[in-house]
Amino acid sequence: MEVCNRENVITDVDLIKRFGDNLPVANNLDELIEELNKIFASDEVNIELVDYILRTYKSNVDDWKKFAKFDRYRYTRNLVNSGNGKYNLILLCWGEGQGSSIHDHANAHCFMKMLQGELQEIRYEWPKQQGEELQEMGRTILKENSVCYINDEQGLHRVENVSHTDPAISLHLYSPPFDTCHMFDKKTGRKTASKVTFWSMYGKKESQE
């Protein structure tokens with residue numbers, strides 16, 4: 001089980017004790033969305049159960065290829081499913097050397113599952129005062145089918161494709177959905193609000209301003 005820098009991880013055995021031995025399995029992307037909708041039917045998010053069902057899904061390019069849309073200049077965010085209004089499922093496509101800025105997650109849960117290639121996640125502490133340089137907490141290499149989780153209590157992060165030869169694709173779940181987050185300057189800790197947009201929705205490209 002690979003969950004980035006998460007303490008007190010509940011094992012599958014603990015989940016079986018809590019939910020019984022008939023835990024769901026997602027054999028394809030449609031089944032994954034179906035099971036996620038069941039989980040998010042409740043007002044309380046069960047992090048361990050979401051992590052578990054994401055891990056049961058094994059990446060299959062035939063499931064997600066229609067959502068995988070790249071841009072030569074930047075990574076793209078492609079909406080796969082808006083869930084039941086309580087989460088967004090988004091495919092992110094990273095060209096060679098592309099990465100995000102340092103950002104928060106607007107008080108939402110953030111899950112990331114690798115579908116293809118590898119990404120590096122770098123975590124930072126929140127700045128304690130204005131003008132303070134962000135302090136790095138650690139780095140993790142995410143490989144195909146691994147699952148990562150972060151929320152604002154755990155800090156800030158940036159994600160990058162460090163490969164200069166291979167693209168990478170990751171599946172992200174945000175709950176609740178958000179359309180604005182904050183970007184941070186590493187040297188000064190200064191934050192700026194940034195609107196979150198989609199490069200495509202449900203496999204169709206959005207008009208770009």
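Attention here is on the structure that accompanies the text. Sequence order sets the numbering: in each chain, residues are counted from 1 along the sequence as written. Reporting in this predicted model follows two pLDDT cut-offs: at least 70 for local features of residues, and 80 or more for side-chain atom pairs to be given and counted; totals over whole chains, interfaces and linings ignore these cut-offs and use all residues. Hydrogens and water molecules were not included; the side-chain quantities draw on all heavy atoms of the structure.

**Things to note about the overall build of the protein chain**
Operational definition: Here a strand is any run of E in DSSP of at least two residues, a helix any run of H or I of at least four, and the numbering for each starts at the N terminus. Partly exposed residues are those whose accessible area sits between 20% and 50% of the maximum for their type, while under 20% is buried and over 50% is exposed, using a 1.4 Å probe and protein chains only. What makes two residues a contact is simply this: any of their non-hydrogen atoms within 4.5 Å. Throughout, the Shrake-Rupley method with a 1.4 Å probe supplies accessible areas, and for residues the shown protein chains are the sole cover considered.
Scanning the protein chain from terminus to terminus reveals four helices and 13 strands. Looking at the 209 residues of the protein chain, the share that counts as buried comes to 48%. Within the protein chain, residue pairs in contact and separated by at least 24 positions form 75% of the contacts whose partners lie at least 6 positions apart. Carbon and sulfur atoms make up 45% of the accessible area of the protein chain, which totals about 10900 Å².

**Here's the deal with unusual backbone geometry**
Cis geometry marks the peptide bond from S175 to P176, where omega comes out at -5°. Tracing the backbone through its elements, the reader meets P176 in the loop between β9 (168-175) and β10 (180-184). In this structure, A106 is a non-glycine residue whose phi angle is positive, near 50°. The residue A106 is located in the loop between β3 (102-103) and β4 (109-116) in this model. For A106, a relative accessible area of 29% translates into the label partly exposed. Its identity as a non-glycine residue notwithstanding, Y202 has a phi of 55°, on the positive side. Within the secondary structure, Y202 sits in the loop between β12 (200-201) and β13 (204-205).

**Some details on the sheet that holds strand β7 (residues 147-150)**
Note the cut-off: The pairing criterion for strands is at least two bridges between them, as found by DSSP. Only the stretch in contact is used when fitting a helix axis, every axis being a line fitted to C-alpha atoms; angles between N-to-C directions are given from 0 to 180 degrees.
Strand order in the open sheet formed by seven strands is β7-β4-β9-β2-β1-β12-β13, and the pairing between neighbours is mixed. Each having just a single partner strand, β7 and β13 make up the two edges of the open sheet. This element, helix α3 (residues 47-56), spans β4, β7 and β9 of the sheet and lies at about 10° to β4.

**A few points about the packing of aromatic side chains**
The description of two aromatic rings rests on the distance between their centres and on the angle between their planes. Quick note on the threshold: Stacked, tilted and edge-to-face are the three classes applied to pairs of Phe, Tyr and Trp rings, where Trp contributes its six-membered ring and a pair requires centres within 6.5 Å; stacked means planes under 30 degrees apart, edge-to-face means over 60, and tilted covers the rest.
In the structure shown here, the tally under the stated rule is five aromatic pairs. Between Y75 and W94 the ring centres are 4.4 Å apart and the planes differ by 15°, which places this aromatic pair in the stacked class. With Y75 in the loop between α4 (61-64) and β1 (76-81) and W94 in strand β2 (residues 88-94), this residue pair connects regions lying 19 residues apart in the sequence. Taking the relative accessible area as the measure of exposure, Y75 reaches 22% and is therefore partly exposed. Ring plane angle 75° and centroid distance 5.3 Å describe the contact between Y174 and F178, whose orientation is recorded as edge-to-face. When its relative accessible area of 8% is taken as the criterion, Y174 is described as buried.

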